[in-house]
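Commentary on secondary and tertiary structure
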Amino acid sequence: MTWTAAKRIFILTLVIAGTLPAMRGAAAEEAQMFFTAIAGQASDGETPILLRWYSSGDLPPADEFTIYRKAGDASSPGPMKAIGATSRLRNIPLIKSILDMPQQLRAKADIMAILREILDVPVTEDSYIEQLLQLLDESGDCNNCQLRRNMMIQSNYAVAIIEGYGYLDTVASGVYTYELRTAAAQEEDRIVLGRATIDASTPTQLAAPQQPEFIDVPGERGHLKVYLRWDLSAELADQRAAMFGYNVYRGTGDLSSSDFDALMAAGQLRKINSVPILPPAGQAVSGGEDNSYFFMDDNLKREKTGPAGIPFRAGDRFTYWVTARDLLGQNGLPSPPIVEVVPDKRAPRIPRGLHTRVVEIAGQKRIFLEWDRNTDDTASYNIYRFRQYDHVGRTDAYSPIDGLTEGLISSIPQPAAGNPKYADPNIKLPQDENKAFWYCLSAVDSSGNVSALSPPIRGVIFDETPPDAPAQPQICVQQENCSLHNIAMGTFKGTSGDVEVEIRIQKETRGPLSLSVARETTVWTEGRQQTSITTIYSGAFPNDDPLVVKDQFAKTDSYTYIRYIVTIHTNRGQICKTFYIPREDDQNGYKTINGYAHEGVDIHIECKAGIQLETICRPSEPGGVTHIPVDESGMVDPVTFVIDRPTDASGIILYRSPNCTDYYPVDEVYYEDGAATLTVEDHFNPQQGGRVCYAIQAFDENHNTSSITYIETQVLIPADIANAIVPSMQNAEPLGDSTAPEMKLTWFGPASSIAAFRIEFATAENFASLAGQVQVSSNQYAFDSENSIYSAKLNKIDASGEPIAIDQTYFIRAAALMQNGDERDSNNYLSFIWTQEVGPFDHPVWPVRDMPPAISSVIWGYWLQPLTNPPSPFTYGVGVKIGSLTVSEKQLAEIDLDIAPPFIVYRQRADKADRTYKQISPLIEKIDIDQYGSLSDPFFALRYYWQTQPPVDQNRKENIKAIFFLDTVNLIYGAEYRYKIATLDAETGEIVKVYGPTNTVEVVDP
């Protein structure tokens, strides 16, 4: 409350008592003096009378005042007698003595309560007088001291007395008239400032205010609050001169039928305002006229450290009364009570976990919403749908989009149990297919409080029906087509006596070209046919000039057939076309040549030859077709497919397989609008050539894919001999031990079109003489396709089984044997020696095991425990037992696993400090043992032993095989290891249990 407001209130409350003109200075024309009297409760035959005055101007009319009194009203006989003088008190002992008087104890308690509320330092019996004076003198560290001083003068009569604006008189029962006069030295100079008459036989009791009413404040949030409003009653309006503010009392429960005074006496009511309530009060929630009061009750006290107390809970019931407070600090009559229930102003929790999916309901696909159930007081949920994302959460009205309303579309009640669900009935197929809708939720409680919107979640009914698979397409490839034909054949009579033939061949196309010309002679003698072929030319075609091939042979007397065979070769050495002169259907040509074979003539033959690259389209059908990706001039021509459009297809995915086994997507092409076909190209040009297979798959606008159509035609790409990849030796690593030396050989090589490799061993760098050679096929080597690295484990140097010699230096190279018959020797060689002069930790006994398919030459290491009576042939390995396998007389296997897949095996180096466990196995998901007990799994080994130890019945068929996980991963000779096995949850992949560690095992000679 501001100083202006406080002054205004005081003027309004005291003007009723009457006014007299003030007599001081220039302010006298504006200032008015207000004077009133209030009777208190009589005690021991005496009634306290409080006299209060104040000036409406900024300055009081005097610094000191004199109080006069007489019995009776103002018109009664008898003079007024001075009963005391007042002035501003600053004598601390005097002030304390005044406040310690019994009739001042209520005022003192109010003073100390106010000081404790507004000051940041402790307020005690010894300090409160000085603290009060600092506030009244507006000194010290005090915010709004002037405002607080004026408020205390008005609300506390003791402060008014200390400041010289009040006087407390005690009288016997009766009517009295008081006058307030200036304190001049001479009686006749004193001016009457105010006059009031009061009946001391009855205490002044203010009338009750109107019954308060509950006010609902829209939009209020946070902890719960009760808002009250009340007005002055008509009776109380006549008593405003004696009133200063209100007090509000609260009782728990419905106490409307109980007596207010009885409840106060029983301590069942609590005054909930710490200072008198003034308009507008500190707890007011809105302005209003002076006669309208607002009060907020939230059961919290605003202390310096923050709010203190326990906020109300929704549904709590309380009864409230309001009383007017007079200037003497006394309560007037209480208002009629009002019973109120604390309203719920807290919104429910924002719904969480909203997700959408598509379900089929009554044969129709619907967007189905489900979310987490609110566990608070949520009574229902509002469901909002938006077609556009930037509309989400807005309350503006939108025109329907695609005929569908945006915003609130439905409300559903909180289900009795389980999560809430909602199926949107308005989103239908096919009109709403693939359209995105955004859904939000808000929670609503029984009081109508609505939460904020949940984050938006998209819902779409996608088309999940795949398109039809594409049919076999047209395939278009660039092929070499030869052009070789006879242009003219001329003869004339020669003089040599022999037959002379000149064949002139003109080149039609540019680029490398080679050919051969041969004479085929067929002689018939004695009814028998004898044919011989003589090559008369074989070589390259001249770059510019025509090729002239001459032939001469003696004339014959026998019946002879002569023809020439012209064969044209591509730049890759392949036969493109063979042409006969004369043609087989040219009888005249036969007669011409053969007719002159019996006499000496010159025969002139002119031909034209060439190779043309043409793109030829044909329907895809089983078989292969040769394709030239790049011609001699460097022009690129891809493999092209023309694909008819399947039903509901938007495009085609093209897959390529360099080995006709593993397919990879290489292109994705969309059909143009309305197009019945599309063209897909593949610019694949492997230098090594090879066989390439293709497949196609259709997809629709939602990327639903059809089944894959494998193209029947295989594309055969010739190798580019000039740029062919040749093997390159990488590494030779010794394996095994001195009794069975081995090596692991690695080399780089072509990634495709490999038939096998030949590994050559020599004892000299020039490979003048070979010590041996071994052919390695695909089931004997491993291939790292990412790096084109081949590897094989070898324990012999030739096909006869000659072992690797100890301390013998070998020089090793490889030759790639291609599918087209080419042999490509490695461009380098390796030196290798298997020596026993190695350290105990340098010689790896076992290599890193290759992943399946397993290499048959891998041998096993040492068992965790020694074996007795091992079977033959016996194998060794470092193994960890995980279970057993029983084979019954019926030859059926029963597996009993102590450690069941899925699991992972870990190993720790035990003889080295600070070594941790490292994974040495992939995720083992199963053990490949068939129903008859045959093991086909490279990660495991079986150990046989009889069920009865020692065996007493050698004919007993039932036996047990112990199942061991076999460790062959880089075991070090002389090293010590121990193992752990971690089993995993098959669905989540989380570790369930860890077995181990095992006992320590040392790698030693078997």
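Residues numbered from 1 in each chain as written. Predicted model: local features only at pLDDT ≥ 70, side-chain atom pairs only at ≥ 80, totals over all residues. Heavy atoms only, no water.

Focus on the overall build of the chain
Within the chain, the regular secondary structure consists of 9 helices and 59 strands. Classification of the 1006 residues of the chain by burial places 45% in the buried group. Long-range contacts, defined here as pairs at least 24 residues apart, represent 66% of the contacts in the chain between residues at least 6 apart. (Helix = DSSP H or I, 4+ residues; strand = E, 2+ residues; numbered from the N terminus. Buried < 20%, exposed > 50% of the residue type's maximum accessible area, 1.4 Å probe, protein only. Contact = heavy atoms within 4.5 Å.)

Points about the side chain of S127
Considering the arrangement of structural elements, one finds S127 in the loop between α3 (105–118) and α4 (128–136). A polar contact is formed between the side chain of S127 and the backbone nitrogen of T124, at a distance of 2.9 Å. (Polar contact = N/O pair within 3.5 Å; in protein donor to acceptor, adjacent residues only side chain to side chain.)

Here we look at the confidence of the model for the chain
Per-residue pLDDT for the chain averages 78, and the proportion of residues at 70 or more is 80%. Long-range and interchain partners of residues 281–289, a stretch whose pLDDT sits below 50, account for 10 contacts in this model, where long-range means more than four residues apart. Scored below 50 in pLDDT, residues 838–877 makes 99 contacts in the model with residues more than four places away or belonging to other chains. (pLDDT = per-residue confidence, 0-100.)

Quick word on the sheet that holds strand β32 (residues 575–581)
Pairing between the strands of a sheet comes from backbone hydrogen bonds, and it takes one of two forms, parallel or antiparallel. Pairing is antiparallel in the open sheet, where 4 strands are placed in the order β29-β28-β31-β32. If you trace the sheet from one side to the other, it starts and ends with β29 (528–540) and β32, each paired once. The average angle at which neighbouring strand axes cross in this sheet is 20 degrees, direction not considered. Strand direction decides the pairing type here: strand β28 (residues 514–525) and strand β31 (residues 559–569), joined by 11 bridges, are antiparallel. Counterpart to L515 in the pairing with β31 is I568. (Pairing = 2+ DSSP bridges. Axes fitted to C-alpha atoms, helices over the stretch in contact; angles between N-to-C directions.)

A word on the sheet that holds strand β20 (residues 364–370)
The sheet built from 3 strands is open, its strands ordered β19-β20-β23 with antiparallel pairing. A strand with exactly one partner marks an edge of an open sheet, and here the two such strands are β19 (355–361) and β23 (421–424). Ignoring which end each strand starts from, the neighbouring axes of this sheet average 35 degrees apart. For β20 and β23, the ladder comprises 4 bridges, and the chain directions are antiparallel. Within β23, the position partnered with I367 by the bridge is D424.

Section: the state of the cysteines
Enumeration according to the criterion identifies 2 disulfides in this entry. Each sulfur in the disulfide pair C476 and C617 lies 2.0 Å from the other. One quick way to see it: the torsion about the S-S bond of C476 and C617 is about 110 degrees, and its sign makes the bridge right-handed. Remark: C617 occurs in strand β33 (residues 601–619) and C476 occurs in strand β26 (residues 474–493); sequence separation between them is 141 residues. C476 gets classed as buried once you look at its relative accessible area, which sits at 4%. (Disulfide = S-S within 2.5 Å.)

What about the environment of Y227?
Following the sequence through the fold, Y227 ends up in strand β10 (residues 226–231). Looking at Y227, the relative accessible area reads 5%, which means it is buried.

Considering the packing of aromatic side chains
The geometry of an aromatic ring pair is captured by two quantities: the separation of the ring centres and the angle between the planes. Summed over all chains, the structure comprises 19 aromatic pairs. For the pair Y249 and F260, a centre-to-centre distance of 5.6 Å together with 80 degrees between the ring planes defines the contact as edge-to-face. Of this pair, Y249 sits in strand β11 (residues 243–252) while F260 sits in helix α8 (residues 260–265); the two residues are 11 residues apart in sequence, bridging distant segments of the chain. Relative accessible area serves as the criterion here: at 5%, Y249 is assigned to the buried category. On the basis of an interplanar angle of 75 degrees and a centroid distance of 5.8 Å, the ring pair of F811 and Y829 is categorised as edge-to-face. Taken together, the residues span a long stretch of sequence, with F811 in strand β48 (residues 809–818) and Y829 in the loop between β49 (823–825) and β50 (830–833) at a distance of 18 residues. Of the residues examined, F811 reaches a relative accessible area of 13% and is grouped as buried. A connected cluster of aromatic rings, assembled from ring pairs, spans W747, F757, Y781, F783 and Y790. Over the ring of F318 we find R250, and its NZ or CZ is 5.2 Å from the ring centre. (Phe/Tyr/Trp six-rings, centres within 6.5 Å; stacked < 30°, edge-to-face > 60°. Lys NZ or Arg CZ within 6 Å of the ring centre and 35° of its normal.)

Focus: the pattern of salt bridges
For side chains of opposite charge, pairing can occur when their charged atoms come near one another. In the structure shown here, the tally under the stated rule is 28 salt bridges. The closest approach of N and O atoms between D682 and R656, which form a salt bridge, is 2.7 Å. Here R656 lies in strand β36 (residues 651–657) and D682 lies in strand β38 (residues 677–682), a separation of 26 residues in the sequence. Given a relative accessible area of 17%, R656 falls into the buried group. Between D911 and R909 there is a salt bridge, with its nearest N and O atoms 2.6 Å apart. Residue R909 is classed as buried on the basis of its relative accessible area of 13%. (Salt bridge = Lys/Arg side-chain N within 4 Å of Asp/Glu carboxyl O.)

A word on a nonpolar patch on the surface
Together, W524, Y559 and Y561 line one region of the surface with nonpolar side chains, adding up to about 310 Å² of accessible area. One can find Y561 in strand β31. (Patch = residues over 30% accessible without salt bridge, like charges linked within 9 Å, V, L, I, M, F, W, Y side chains within 5 Å. Areas by Shrake-Rupley, 256 points an atom, 1.4 Å probe, with all protein chains shown as cover.)

Some details on the pairing of β28
Inspection of the sheet shows β28 paired to β29 by 12 bridges, in the antiparallel sense. Across the sheet, residue R519 finds its bridge partner in β29, namely T534.

A word on the side chain of T319
Of note, T319 is situated in strand β16 (residues 317–326). A polar atom in the side chain of T319 sits 2.6 Å from the backbone oxygen of G253. Side-chain polar atoms of T319 contact the backbone nitrogen of L255, separated by 2.8 Å. Aside from chain neighbours lying at most four places away, what touches T319 is Y249, R250, G251, G253, D254, L255, S256, P337, I338 and V339.

What to know about the pairing of β50
Taking every second residue as pointing to the same face, the buried face of β50 carries L830 and F832, while none of S831 and I833 on the other face is buried. In this sheet, β50 lies alongside β48 in antiparallel orientation, the contact comprising 4 bridges. Counted as the bridge partner of F811 is S831 from β50.

Quick word on the packing of helix α2 (residues 92–99) against α4
Axis separation between α2 and α4 bottoms out at 10 Å; the angle between their running directions is 105 degrees. With respect to α4, the element α2 is oriented roughly perpendicular. In this structure, α2 uses I92, I95, K96 and L99 to contact α4, whose residues at the interface are Y128, I129, E130 and L133. Class assignment of the residues belonging to the contact of α2 with α4 gives a composition of 6 nonpolar, no polar and 2 charged. (Parallel < 35°, antiparallel > 145°, perpendicular 65-115°, else oblique. Nonpolar A, V, L, I, M, F, W, Y, C, P; charged D, E, K, R; others polar.)

With respect to the packing of α3 against α4
It is at 11 Å that the axes of α3 and α4 come closest, and there the two elements cross at 70 degrees. Comparing the axis directions of α3 and α4 gives the class roughly perpendicular. α4 is crossed by α3, and the crossing has left-handed handedness. On α4, the residues that touch K108, I111, M112, L115 and I118 of α3 are Y128, Q131, L132 and L135. Here the contact of α3 with α4 is composed, by residue class, of 7 nonpolar, 1 polar and 1 charged. (Left-handed = near helix turned anticlockwise from the far one by under 90°.)

Looking at unusual backbone geometry
For the bond running from P901 to P902, omega is 0 degrees, close enough to zero to count as cis. Within the secondary structure, P902 sits in the loop between β52 (893–897) and β53 (903–909). Note the cis peptide between G996 and P997, where omega equals 10 degrees. The topology assignment puts P997 in the loop between β58 (991–995) and β59 (1001–1002). If you check the backbone angles, A362 has positive phi at about 50 degrees while not being a glycine. Considering the arrangement of structural elements, one finds A362 in the loop between β19 and β20. In the Ramachandran plot, D807 falls in the positive-phi region, its phi being about 60 degrees despite a non-glycine side chain. Of note, D807 is situated in the loop between β47 (789–794) and β48. According to the relative accessible area criterion, D807 is partly exposed, its value standing at 47%.

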